[in-house]
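If you want the building blocks of each chain, they are given just below.
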Amino acid sequence: MTILLGFLYAIFLSVISLPLVKVYQLENYKPKNFLKRVFKFNIAFGDKNKINFTNRLKRFLFCDFLLIFMLFFLIFYFTENIYINIAMIFVGIILLPLLMVLSHFLCLPIEKLVMNFYMRKATKKLSSMPCKKIAITGSFGKTTTKNILLQILSQKYKVCATPKSYNTPMGVCKTILENLTEKDDFFIVEMGARHKGDIAFLCKLVGADYGILTPVGKCHIETFKSLENVEKTKFELCENVKNFVVINGKSDSNLKLYENCEKKKYLICTNESFAYATGVQVKDLKTFFTLHIDKTKIEVSTSLFGKSNVDNIVVASALAYLLGVNLLDIKRGIESLKPIPHRLELIKGYAYVLDDSYNSNFSGFKQALEVLSNFKGKKILVTPGMVELGREQFELNYQIAKNMAKVCDEIVVMNKVNREAILKGLSEENFNEKKIHLATSRKEQTEILKKIITKDSVVLFENDLPDNYK
C-alpha cells in the first residue's frame, strides 16, 4: 500500500509540475534562472511554447519522478498519522521547484557522460572527414550569414551546415553525426555563446579552418555582464582559427577586434576594404546593389531586405571568393537566396507581413523599422521589445520606441516586460495614444489586428518572447 501511495503521488506531482518543467527548459536547464522565474511567480502557462521532450528532458523527468517517489515512500512508510501525511503532500507541492533543482544536480553526472560520449563520437567522425571547417560567430546575423554562405558555396562545392539556430556543442555534434558525409567539401558551423570560453571550446571541438565574425554588440548582457566580456568571448574565434578570419567591419567592437587580431584577416563592409557594397536601393520588393570584391564589381539583386542583410551577403561572398568561388557563381548564389524564416521574411497575404520575430537586438530592430518605412500603406508594428540586455534594457527599449514613433501608424505592445519603457518613448515623441494597443496574449493580439488591419497594411512582427516572459 505504501509503495502504491508513493507511486500515485509521484505521478500526481509529475503532472502538476509540467508548467515548471517548461520554465526549466525555456531557461536552458539553468537552475539559478529557473528559480528566479519561479520565485517571481513567472510560470509558463501560455500556449506559445510546447515542452520539447528531448532525451535530456526525459532523463531529467525520470530522475525527478524517482526522487519524488523515494521521498514520499519513506514519508508514508515511517509516518502512519494521516494528518501528517496529508500535510506533507501540500509541503511537497510547495517544495516542488527545489526538488526539481535537486534532480537537475543528480542528473549532471549522467549528462556529462552523455555529452562526452557524443563529443568523442562526433570528433572521431569529423577527424576522418576531408572537409574544411568554417566557424561563424558574433552577436547579430550569425544564422543569416551561415545560410547565405551555404547557398553561395553550394554553387561550386558540396556543403553541410548546422541547421536552424543549432549553435551549441550538442547541436554541432548532432549535425556531424546525422548530416555530415564524406562528399562534403565544407562544414559550416554556427557558434553561439553565453559565457567566456564557449567559442574557444567550439573552435577546438570542430577544428575551425576559417572564420567569420559578424557584428559584435550588446547581446546576452545578462550572462556576459558587459560588452567587454562579449568582445573577449567572440574574439576567441580570431584566436583559434587555423587559416584566416573574415570580419564584418560594421560595428565599433569589430573594428577594435580586427586591430587586435594577429591571424591572417580580411576586413569587410567598410569603404575600400576587400569587399563592400554600394548603391543599395529597394524597388519592386527586391534589394539591388553593387558588390565590390578584390577591386572587381558586379551588379546583383536579392529578395532579402535590410542593409545588414546586404552586409551579411558581402561577408559571405568575400569568404566564398577567397575559397575559390568565381564572381558569376557568387552572383547566381545571391540572386537565388530565399528569405530566411522569421528574419525579415516578407509574407504576402491579405496584407503584407514582415516576420522578424527571431530578432531581439537594437541594431536589428532599427533595421527592421527602416525596411518598414520603405513600404507604402498603413504601417503596423507588433512587438514586446528587447530582452536579455541587463541594466540597459529599459534605456534601449525607450530609445527604440522613439524610432517606432517616427515610422509606425499603429503599434501593438505585447507582454508587460518592456511596456513602461516603450510607452515612455512613444509619449515623448507625442505618438497618438489611440494608436497604441496593449496585448498580453496572441489571442488578444489577433483581435486587435482584426480591428486595425487593412488591405494596404504592412505588419512588422519584431521579436517574439517565449511563455516565461509576461
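Quick caveat, the model's predicted, so the values are computed rather than measured.

(A) Examining the nonpolar core more closely. Ranked by internal contacts, the top residues of the largest apolar core, which has 39 residues, are Ile134, Leu149, Leu153, Ile268, Leu291 and Leu319. The element contributing the most residues to this core is helix H13 (residues 307-322), with eight residues. In contact with Ile134, not counting residues within four places along its chain, are Leu149, Leu153, Phe186, Phe187, Ile188, Val189, Tyr210, Leu319 and Leu323. By size, the runner-up hydrophobic cluster in this structure holds 35 residues, among which are Met119, Ile199, Leu205 and Val206.

(B) Structural context of the packing of helix H4 (residues 55-78) against helix H6 (residues 96-127). The N-to-C vectors of H4 and H6 enclose an angle of 130 degrees; their axes lie 9 Å apart at closest approach. In terms of orientation, H4 and H6 fall into the oblique class. Handedness of the H4/H6 crossing: right-handed. Along its contact with H4, which presents Arg56, Arg59, Phe60, Cys63, Asp64, Leu67, Ile68 and Leu71, the element H6 presents Leu96, Leu99, Met100, Leu102, Ser103, His104, Leu106, Cys107, Ile110, Glu111 and Val114. Here the contact of H4 with H6 is built from residues that sort into 13 nonpolar, two polar and four charged.

(C) Up close: the packing of aromatic side chains. In the structure shown here, the tally under the stated rule is 14 aromatic pairs. Considering the side-chain rings of Phe7 and Phe65, the 5.7 Å spacing of their centres and the 85 degrees angle between planes classify their relative orientation as edge-to-face. With Phe7 in helix H1 (residues 2-16) and Phe65 in helix H4, the pair connects residues that are 58 residues apart, well separated along the chain. With a relative accessible area of 39%, Phe7 lands in the partly exposed category. For the pair Phe274 and Tyr321, a centre-to-centre distance of 6.2 Å together with 55 degrees between the ring planes defines the contact as tilted. You can see Phe274 sitting in the loop between strand E6 (264-268) and strand E7 (275-283) and its partner Tyr321 sitting in helix H13, a full 47 residues away along the chain. Residue class for Phe274 comes out buried when judged on its relative accessible area of 19%. On the basis of relative accessibility, which here comes to 26%, the residue Tyr321 falls in the partly exposed class. Three or more aromatic residues joined by ring pairs form one cluster here, namely Tyr210, Phe244, Tyr266, Phe274 and Tyr321. The residue whose ring lies beneath Arg56 is Tyr29, and the NZ or CZ to ring-centre distance is 4.1 Å.

(D) Structural view of the pairing of E6. Pairing of strand E5 (residues 244-248) with E6, which is carried by five bridges, proceeds in the parallel orientation. Along E6, the bridge assignment pairs Phe244 with Lys264. Each parallel crossover has a hand, and for E5 linked through helix H12 (residues 252-260) to E6 it is right-handed.

(E) Highlighting the pattern of salt bridges. In this structure the tally under the stated criterion is 17 salt bridges. Where Asp311 meets Lys250, a salt bridge forms, and the shortest distance between an N and an O atom there is 3.3 Å. Separated by 61 residues along the polypeptide, Asp311 in helix H13 and Lys250 in the loop between E5 and H12 bring together distant segments of the chain. For Glu370, the salt bridge identified is with Lys307, shortest N-O distance 3.7 Å. In this pair, Glu370 is assigned in helix H15 (residues 362-373) and Lys307 in helix H13, connecting sequence segments 63 residues apart. Connected via shared salt-bridge partners are Lys378, Glu410 and Lys435.

(F) Spotlight on the sheet that holds strand E14 (residues 436-439). Spatial ordering of the open sheet is given by E10-E11-E15-E12-E13-E14, a layout of six strands whose pairing is mixed. Among the strands making up the open sheet, the edge pair consists of strand E10 (345-348) and E14. In this sheet, adjacent strand axes meet at a mean angle of 20 degrees when their direction is disregarded. Of the strand pairs in this sheet, strand E13 (residues 410-414) and E14 are connected by four bridges, and their pairing is parallel. If you follow Val412 over to E14, its bridge partner there is His437. Helix-sheet contacts for H15 involve strand E11 (352-356), strand E12 (379-383) and strand E15 (458-462), and the interaxial angle to E15 is about 175 degrees.

(G) View of the pairing of E11. In the sheet, E10 pairs with E11 via four bridges, with the strands oriented antiparallel. By the bridge assignment, Leu346 is partnered in E11 with Leu354. Once E10 ends, the chain turns through three residues before running back antiparallel as E11. Bridge count between E11 and E15: five bridges; the pairing is parallel.

(H) Spotlight on helix H14 (residues 327-335). Within the sequence span of H14, burial applies to Leu327, Asp329, Ile330, Gly333 and Ile334. Buried residues in H14, looked at end-on, bunch into an arc of 160 degrees, giving them a common side. At its buried positions, H14 is contacted by helix H7 (142-153), strand E8 (286-293), strand E9 (296-302) and H13. In this structure Asn326 caps H14, since a side-chain oxygen of it lies 3.1 Å from the backbone nitrogen of Leu328.

(I) Unusual backbone geometry, seen in detail. One non-glycine residue, Asn28, adopts positive backbone phi at about 55 degrees. Considering the arrangement of structural elements, one finds Asn28 in the loop between helix H2 (18-26) and helix H3 (31-39). Non-glycine residue Leu344 carries a positive phi angle of around 55 degrees. Here Leu344 shows up in the loop between H14 and E10. Classification of Leu344 as buried rests on a relative accessible area of 4%.

(J) Quick look at the packing of helix H5 (residues 82-94) against H6. In the contact formed by H5 and H6, the axes pass within 4 Å of each other and the chain directions differ by 65 degrees. Here Gly92, Ile93 and Ile94 of H5 lie close against H6, whose contacting residues are Leu96, Pro97 and Leu99.

Here is what the cut-offs are and how they apply
Within each chain, residue numbers correspond to sequence positions counted from 1 in written order. Two thresholds apply to this predicted model, a pLDDT of at least 70 for residue-level local features and 80 or more for giving and counting side-chain atom pairs, whereas whole-chain, interface and lining totals are computed over all residues. Excluding hydrogens and water, the side-chain values take into account all heavy atoms of the structure. By convention a nonpolar core is built from buried Ala, Val, Leu, Ile, Met, Phe, Trp, Tyr and Cys residues, the set being connected through side-chain atoms within 4.5 Å. Burial classes follow relative accessibility: with a 1.4 Å probe on protein chains only, a residue under 20% of its type's maximum area counts as buried, one over 50% as exposed, and anything between as partly exposed. A run of DSSP states H or I qualifies as a helix once it reaches four residues; a run of E qualifies as a strand once it reaches two. Both are numbered from the N-terminal end. When checking whether two residues touch, look at their non-hydrogen atoms; a contact exists if any pair is within 4.5 Å. Orientation is described by lines fitted to C-alpha atoms, with helices fitted over the stretch in contact, and by angles between N-to-C directions that extend from 0 to 180 degrees. Oblique is the label for any angle not under 35 degrees, not over 145, and not in the 65 to 115 range, which are roughly parallel, roughly antiparallel and roughly perpendicular in turn. Handedness of a helix crossing follows the sense of rotation of the near helix relative to the far helix, less than a right angle counterclockwise being left-handed and clockwise being right-handed. Charged means Asp, Glu, Lys or Arg here, nonpolar means Ala, Val, Leu, Ile, Met, Phe, Trp, Tyr, Cys or Pro, and polar covers whatever is left, Gly included. Aromatic rings from Phe, Tyr and Trp, with only the six-membered ring used for Trp, were paired whenever their centres fell within 6.5 Å, and each pair was classed as stacked if the ring planes differed by under 30 degrees, edge-to-face if by over 60, and tilted otherwise. Counting as a charge over the ring demands two things of the Lys NZ or Arg CZ atom: a distance within 6 Å of the ring centre and an angle within 35 degrees of the ring normal. Two strands pair if DSSP finds at least two bridges between them. By the criterion used throughout, a crossover qualifies as right-handed when its path from the first strand across the helix to the second strand runs clockwise, the strands pointing away from the viewer. Here a salt bridge means any side-chain nitrogen of Lys or Arg lying within 4 Å of a carboxyl oxygen belonging to Asp or Glu. The arc refers to the directions leading from the helix axis to the C-beta atoms. Two N or O atoms form a polar contact when they lie within 3.5 Å of each other; inside protein one atom must be a possible hydrogen donor and the other a possible acceptor, and for residues adjacent in sequence the pair counts only when both atoms belong to side chains.

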